[in-house]
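# Secondary and tertiary structure notes
In case you want the letters, here they are:
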Amino acid sequence: MEEDEVIHGDFYLLAKSYFDCREYRRAAHVLRDQTGNKSVFLRCYALYLAGEKRKEEEMIELEGPLGKSDAVNRELVSLERELSSLCKNGMIDPFGLYLYGLVLKEKGNENLARKVLVESVNSYPWNWSAWSELQSLCTTVDILNGLNLSNHWMKEFFLASVYQELRMHNESLSKYENLQGTFTFSNYIQAQIAKARYSLREFEQVEVIFEDLLRNDPYRVEDMDTYSNVLYTKECFSALSYLAHRVIMTDKYRPESCCIIGNYYSLKGQHEKSVIYFRRALKLNKNYLSAWTLMGHEYVEMKNTPAAVDAYRRAVDINPRDYRAWYGLGQAYEMMGMPHYALHYFRKSVFFQPIDSRLWIAMAQCYESEQLHMLEEAIKCYKRAANCNDTEAIALHRLAKLHRELGYPEEAAFYYRKDLERMEAEEREGPNIVEALMFLATHYKAQKRFEEAEVYCTRLLDYTGPERETAKSLLRGMRMAQSSFPSMDVEHFHP
Amino acid sequence: MAGVLKAPGAFAITPHKVSVCVLVQIYASPSQISIPFPFSSVSQHNRLGLYLLALTKSCDDILEPKLEQLISQLREIGGLLDHWLTDHLTSRLSSLSSPDDLFNFFNDMRGVLGGPDSGVMEDDQVILDPNSNLGMFLRRCILAFNLLTFEGICHLLTNIGIYCKEAISSCSSYELRRLDDSDIEVFADPKSEHNDKGRESSSYSSSGDLLRDVDLNGGVFLRTNWQIQGYLMEQADAIEKDGSSFTLNAFELTLRQLQKLAPELHRVHFLRYLNSLYHDDYFSALENLHRYFDYSAGTEGFDFVPPAGCNSFGRYEIALLCLGMMHFHFGHPKQALEVLTEAVRVSQQHSNDTCLAYTLAAICNLLSEIGFSTTSGILGSPFSPMTSVGTSLSVQQQLFVLLKGSLKRAESLKLKQLVAANHLAMAKFNLTHVQRPLLSFGPKTSMKLRTCPVTVCKELRLGYHLISEFCCEGSTMTTDGAFSTAWLKNLQKPVGSLVLSQDNSSRDNSNPFLFCTQPSSIPGSVLQLVGSSYLHRATAWEIYGSAPLARVNALVYATCVADASSSSDAALVHVKLIQHLAVFKGYEEAFSALKIAEEKFLSVSKSRILILKLQLLHERALHRGHLKLAQQVCDELGVLASSVTAVDMELKIEASLRHARTLLAAKQFSQAAAVAHSLFCMCYKFNLQVESATVLLLLAEIHLKSGNAVVGLPHALASLSYCQSFNLDLLRASATLTLAELWLSLGSNHTKTALTLIHGAFPMILGHGGLELCARAYIAEAKCYLSDPSFSVSDNPEVVLDPLRQASDELHVLEYHELAAEGFYLMAIVFDKLGQLEKREEAAASFKNHIMALENPQDGEDPLSNA
């Protein structure tokens, strides 16, 4: 390559130094007459970044009364023209292709951008930036399958990451675990595994992974918002505050840091402060999805429903597949006494995440609400919830109760029995057990299946309260009926 | 950001506004003479003033005009001055080359304004009043400039540069963009050759194109918020008036651009909702409706929301109201009712009385439009304050109570338009329902079980009355802006075009009229209500059986309010007028009128015009004896109705009525009777009593034709009694005629009864009946005489011959072969008896012609070929 020539090498080095000092236009100017691939790339990339920087500044300068006027990177047009002609003449290297793909994507020409990026990663697979851009263009599985990627281990990283984005968490997890076999000490893979497991709601393991990760990589801020979510759900006050302190010391102006602090305040019940930090996170990154959703939750807590609705809506407009925000919208409207209106949002949320029992339960409760009272539909939703691993065991109990209320004793008995089995397996205690036993005892007695009825009655005797007495009298009644066959009315024999 | 409303009046300074400032400075340069320097006459000076006013107010677009557009408009108004004006403007703009120039420019602007102490000024001095429209505009510009940061001033300067440059080289920049596009195409081809491994290569340029069109290039600026809101309101009105005149994508593109330029202007989503609603895109409509209300919380845009009562909870009940109406529009009555019920509850909860009143009106509308056999379980608890009488009421009674309640609410809230609309709904209810006591127990006041035309009339009048004393409810935003828009649009027209177009052709007739009505203070929505009251009148008279009055009211509508009306209402009036033509003048005239109407309402989807066409075709096919065609048309009519139960009732009834009549004409009596019977059951179920009368009469006719006169009699009598209760005078006359025919067919000893009945009905039939009815009456009368043993033809031939001649004339127009043949047959018999053989042969020949025509139906023009 001609870069071997010393003088050109000097130009390049000078430009690179300017570039590293973030003096992009100066760097580009130095390389104005250089024709080598490396120089051309650096010049174009510097121009692109200069345009981006100016764009960011303009976004703030141009903020109008009705929102931001769309600031654009003014270098895109000339860059596209130059890169496309280079590309046409075959005088472009994989890095140039990457930049060209980036420019095309920004200009909205997604199909061509995808094609160019695929070419770039196929000829130089170690450029993760190119893979990342390609990933952002793979919004559906079909698009992903349509890509013509040559085999390389980088492709595995890419696929794992895309699967995660497409909510194919199990596929993603298995890819990462495979990769971990090769890259044993990679923090990145570890963090990704944690995130995948988080999406699968395996919080215990996630916590362990993150603890380990922080030991190896103590100044890490990336992905720590996920860790804070875990700590939040587990209500670990001090661990969360420790994490928040740590990231603040590392880098205060990172969206993740602000989000972690927001989570901490939320856990402490200080919702106003929490909102301040989520807002700060959003100021740093307007498209920070989980911050919008979490801020929505805070507004719900503060009973500022319109603000909550607004925040959730922004989240779903950024990513329509964000089922949490859809769910939040549904909840907000339900809170306002608009269950019918809320159903639209619950439907959306279960559409995007049909395996989450909580969503189905929320929807069922909406149907069950006093205003709608659509019990048949509620039953359908509870059935779905029961089928997808309902950890809080609400669905079975409600199913039993609803069937009983609607006058389907057989189905009610079925679900009470299942609920009972479940409670036994999990060694739960509580009024639900008594209720189930009570129903089953009376039900089997009415069915003249005395043996089963007796079993349940006997179990009831272990509990205190009025049920115990009822069980006793049931037992007595059954014994009477069995002994004095053909059965007679028991009441007559009592004094 | 979330939950925080932006101040609606925010105002940004742009190159275009700088231009307007320059022009204002010319208009109001401080001088001592009455006509400042460049102007040669007062009218020239005023014209510039009007133009500037229009520039700041018109709402015909979302974007500010470019410099070249401004210059070309200046040419229109400037007359001799145009060169001076444009030169001055461009040189002033191009002299702004540094931030300091801008500072000085806006300092100068201050001098144009009169100070607060300039109240005492000399008569001839021209000074801009700071509180005038232009003065305010100038002050806002100065204020906005003063609020700019230094960066903002730099942007303004750059933009002024682009603004001026574009005017000079507007075409060349276009060329550049084209070149840009072609580059990609050229690139794409060799690329796909390089690695064509089975991937599609042609699809790149498509998806990017749409975005690129929206893509911003420098000098694009939104108008002021006030103007954009005005524009959006006008567009909303226009869509609701005639949605099909909008192309879905073109408007969507504008909206997308607007959204890109002003992401916090949520009204855009509402317009999107309307756009997809009127293009029958359910999912997009639903999505956008939810999006709009999520963002705006119902506190943006709607005029009837009093700004003072704006609580922090949002007004999501309005969302429910809109959603309910959307479901209604798409023909989902059950969901609509559920949502509206929720709207009632939430409105009550948030004590939003206005929304409650509108919701109740919407529910009334829903209940009266769509057949509900029962509302139990739907109209539940939230209605209890309104329907405190209990839930044992029938749907109609509930509707009545709701209507009353809704009317009262609207009156107490002084929502005049709603009051008027409610009166109309009440009139409609009274027209088709007999009042019944609401209490099912306790002492009942005696009630005549009849509808009361006087009440209907009263309600219609009350509705109209309120409209005539209309005072402006809404903001003046649109009327003001619309005036300016109209003024600006008329710049392009040469003077005098107003006069010319009037006698030009009927097609352009609406234009000058539109221009005249624009500045009037009556908004389009009020005019629409006026129009709909005329429509109601026409329908009422139609039902009561007065053809001339029905026609007059339809004509009044067509001439006076057609321009302000929605396209579907206008189509309805045309339908009424054409139906009238068909009944009274025959098919030829009706079809030629239909052709005109078809052209006019070409774009209206699911059009009434199409239904009318099928009706006319069916009618004519029946008369001509073209039964296959009749059945085919009848089937097509049935397909047009929605498949959802109880939706499109009117159309469904029409279709099965026609089906029964086709079967009757084909002499398949038992099937015809079965269809008519099931139709009657449906009418009964949904309480459609006016329709029941018609169906009963049809049943009577079926039994008459099948020779079961005894079975037919009770049906005819039942129909008569329905007609009496509902004051359906014309239908009653028709039923009387059928009754007479039934008696007649029972034997010659009933001819006296039949004749009395016919003579009793004659005044009504001849006064208001159509051709067919009159002809039938004449023939029936002749038959009565002929079958009367005491009547002798030779003594008094004209008594029989005259009605027969009348009948044959009318039937000739209708091409009703079967009845015409019968007429000629009778005529031949009479002539035979009179011994006039020549005339007998003539009548017999005519008889034969009609029978032949009936048996070999052949159509010259295939009427369905252009369907």
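Residues numbered from 1 in each chain as written. Chains lettered and ligands numbered in written order. Predicted model: local features only at pLDDT ≥ 70, side-chain atom pairs only at ≥ 80, totals over all residues. Heavy atoms only, no water.

In terms of regular secondary structure, chain A is built from 27 helices and two strands. Scaling as 2.2 N^0.38, a compact globule of 495 residues should have a C-alpha radius of gyration of about 23 Å, whereas chain A reaches 31 Å, well beyond that. Seen through its principal axes, chain A has C-alpha atoms that stretch 115 × 50 × 40 Å. Residue burial in chain A is summarised as follows: out of 495 residues, 52% are buried. Once local pairs closer than 6 in sequence are excluded, the contacts in chain A between residues at least 24 apart make up 49%. Surface summary for chain A: the accessible area is close to 24,000 Å², and the carbon and sulfur share equals 51%. (Helix = DSSP H or I, 4+ residues; strand = E, 2+ residues; numbered from the N terminus. Rg over C-alpha atoms; globule rule 2.2 N^0.38 Å. Buried < 20%, exposed > 50% of the residue type's maximum accessible area, 1.4 Å probe, protein only. Contact = heavy atoms within 4.5 Å. Areas by Shrake-Rupley, 256 points an atom, 1.4 Å probe, with all protein chains shown as cover.)

Our focus in this paragraph is the packing of aromatic side chains. All names here are of chain A. One pass over the full model with this rule turns up 42 aromatic pairs over all chains. Aromatic pair tryptophan 153 and phenylalanine 183: ring centres 5.5 Å apart, planes at 50°, arrangement tilted. Taken together, the residues span a long stretch of sequence, with tryptophan 153 in helix α9 (residues 153-165) and phenylalanine 183 in the loop between α10 (169-182) and α11 (187-199) at a distance of 30 residues. What makes phenylalanine 183 partly exposed here is its relative accessible area of 28%. A centroid spacing of 5.8 Å and a plane angle of 25° characterise the contact between tyrosine 265 and tyrosine 277, whose relative ring orientation is stacked. Within this pair, whereas tyrosine 265 is found in helix α15 (residues 255-267), its partner tyrosine 277 is found in helix α16 (residues 271-284), the two being separated by 12 residues in sequence. (Phe/Tyr/Trp six-rings, centres within 6.5 Å; stacked < 30°, edge-to-face > 60°.)

Together, B:Val710, B:Val711 and B:Leu746 make up an exposed nonpolar region whose accessible area comes to about 230 Å². Structurally, B:Val710 can be placed in helix α32 (residues 709-725). (Patch = residues over 30% accessible without salt bridge, like charges linked within 9 Å, V, L, I, M, F, W, Y side chains within 5 Å. Salt bridge = Lys/Arg side-chain N within 4 Å of Asp/Glu carboxyl O.)

Further remarks concern the environment of B:Gly135. All names here are of chain B. Here glycine 135 shows up in helix α6 (residues 133-147). For glycine 135, a relative accessible area of 0% gives the class buried. Contact partners of glycine 135, with chain neighbours within four places excluded, come to Leu113, Leu128, Asp129 and Pro130.

Residues and elements named next belong to chain A. Mapped onto this structure's residue numbering, the UniProt feature "repeat: TPR" (unreviewed entry) falls at residues 255-288, 289-322 and 323-356. Within residues 289-322, the helical portion is 79% and the strand portion 0%, while the C-alpha atoms at the span's ends are 8 Å from each other. With 79% helix and 0% strand, residues 323-356 has its two end C-alpha atoms placed 10 Å apart. (UniProt positions renumbered as here; feature names shortened; annotations may be inferred.)

All names here are of chain A. The end-to-end C-alpha distance of helix α22 (residues 375-387) is 18 Å, a good match for the 18 Å that 13 residues give at a rise of 1.5 Å each. Listed in full, the buried residues belonging to α22 are Leu375, Ala378, Ile379, Cys381, Tyr382 and Ala385. Seen from one end, α22 has its buried residues packed into an arc of 165°, which puts them on one side. Among the exposed residues of α22, those pointing more than 90 degrees away from its buried face are Lys380 and Asn387. (Expected span 1.5 Å × (residues − 1). Arc of directions from axis to C-beta.)

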